[in-house]
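Examining the three-dimensional arrangement
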Amino acid sequence: MVVAFFGHKDTPSAVKPLLEQTVQRLIEENEEITFLVGTHGAFELMAQSVLGQALQEYPQITCHIVLSYIPVEKNSELYALPTLVPEGIENVPKRFAISFGNNYMVNESDTVVCYITHDWGGAAQFVNKAEKKGKVIINLAEANLSQKTY
């Protein structure tokens, strides 16, 4: 199983415990699992952090940060997780590189974990693409709302 992450750049930090629970559940339910995460916005950084912690507890999982740009720096400590550069991205104009990387994650994934509260913006666009391709969508914004007590 391959899981990708998409979320709004201003995702609140209160989402992190729900993200941790979701990642743990996915790991425990799937013998083989690979996680793909981007580098832009609060949700992706939160997912990177959660995956770094999960990798310590579950060394059998595979995690990759999908880079939108071929790194200029040779600093291997720039990211806490292994990186992946999608094949062909070197031929993509820089202004389309993030979309290229996001499309790569949509195409490679079986499941998308996201935090989407509105239907505009890049994260919503790629979750919509994933949904149209029949991917399983786990929207933490919806799960979070259903757990509120009024």
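A brief report on the enclosed structure follows. Not measured: the values here are computed from a predicted model. (Residues numbered from 1 in each chain as written. Predicted model: local features only at pLDDT ≥ 70, side-chain atom pairs only at ≥ 80, totals over all residues. Heavy atoms only, no water.)

Side note on helix α3 (residues 97-108)
Convention followed: Under the DSSP-based scheme used, a helix requires at least four consecutive residues in state H or I and a strand at least two consecutive residues in state E, with every element numbered from the N terminus. A helix is expected to span 1.5 Å for every residue after the first. Each residue is assigned to one of three classes by its accessible area relative to the maximum for its type, calculated with a 1.4 Å probe on protein chains only: buried under 20%, partly exposed between the two thresholds, exposed over 50%. We call two residues in contact when some of their heavy atoms are within 4.5 Å.
If you check α3, its first and last C-alpha atoms are 17 Å apart, about what 12 residues at 1.5 Å a residue would give, namely 16 Å. Within α3, the full set of buried residues consists of Ala-97, Gly-101, Asn-102, Met-105 and Val-106. Residues of α3 that are buried sit in contact with β1 (2-7), β2 (34-37), β3 (62-66) and α4 (122-132).

Brief notes about the packing of aromatic side chains
What counts is decided by this rule: Stacked, tilted and edge-to-face are the three classes assigned to paired rings of Phe, Tyr and Trp, where Trp is represented by its six-membered ring and a pair needs centres within 6.5 Å; plane angles under 30 degrees give stacked, over 60 edge-to-face, the rest tilted. A positively charged side chain is recorded as over a ring if its NZ (Lys) or CZ (Arg) lies within 6 Å of the ring centre. The angle to the ring normal must also be within 35 degrees.
Under the counting rule described, the total for this entry stands at three aromatic pairs. Between Phe-5 and Phe-43, the aromatic rings sit 6.4 Å apart at their centres with planes inclined by 50 degrees, giving tilted as the arrangement. Placement of the pair is Phe-5 in strand β1 and Phe-43 in helix α2 (residues 42-57), with a sequence separation of 38 residues. The ring of Tyr-69 has Lys-94 sitting right over it, with the charged end atom 5.3 Å from the ring centre.

Section: the pairing of β1
What counts, and what does not: Only strands that DSSP links by at least two bridges are regarded as paired with each other.
Burial within β1 is extensive, with six of its six residues counted as buried. By the alternation rule, side chains of β1 split into Val-2, Ala-4 and Phe-6 and Val-3, Phe-5 and Gly-7, which are all buried. The pairing of β1 with β2 spans three bridges and is classified as parallel. Following the sheet pairing, Val-2 is matched in β2 by Thr-34. Where β1 and strand β5 (residues 111-115) come together, five bridges link them in parallel fashion. Along β5, the bridge assignment pairs Ala-4 with Val-112.

Details of the nonpolar core
The condition that has to hold: For the purposes of this section, nonpolar cores are sets of buried Ala, Val, Leu, Ile, Met, Phe, Trp, Tyr and Cys residues that join through side-chain atoms within 4.5 Å.
The biggest cluster of nonpolar side chains holds 28 residues, and the ones touching the most others in it are Phe-5, Leu-19, Val-23, Phe-35, Val-113 and Leu-140. Elements that contribute at least two residues to this core include exactly β1, α1 (16-29), β2, α2, β3, β5 and α5 (140-146). Ranked by residue count, the leading element in this core is α2, at six residues. Leu-19 has contacts with Phe-5, Phe-43, Met-46, Ala-47, Val-50, Val-113 and Leu-140, leaving out every residue within four places of it along the chain.

Describing the environment of Val-106
The residue Val-106 is located in helix α3 in this model. Residue Val-106 is classed as buried on the basis of its relative accessible area, which comes to 1%. Along the primary structure Val-106 and Ala-143 are separated by 37 residues, whereas in three dimensions their C-alpha atoms are 21 Å apart. Those residues in contact with Val-106, other than ones at most four positions away along the chain, are Phe-6, Phe-126, Lys-129, Ala-130, Lys-133 and Lys-135.

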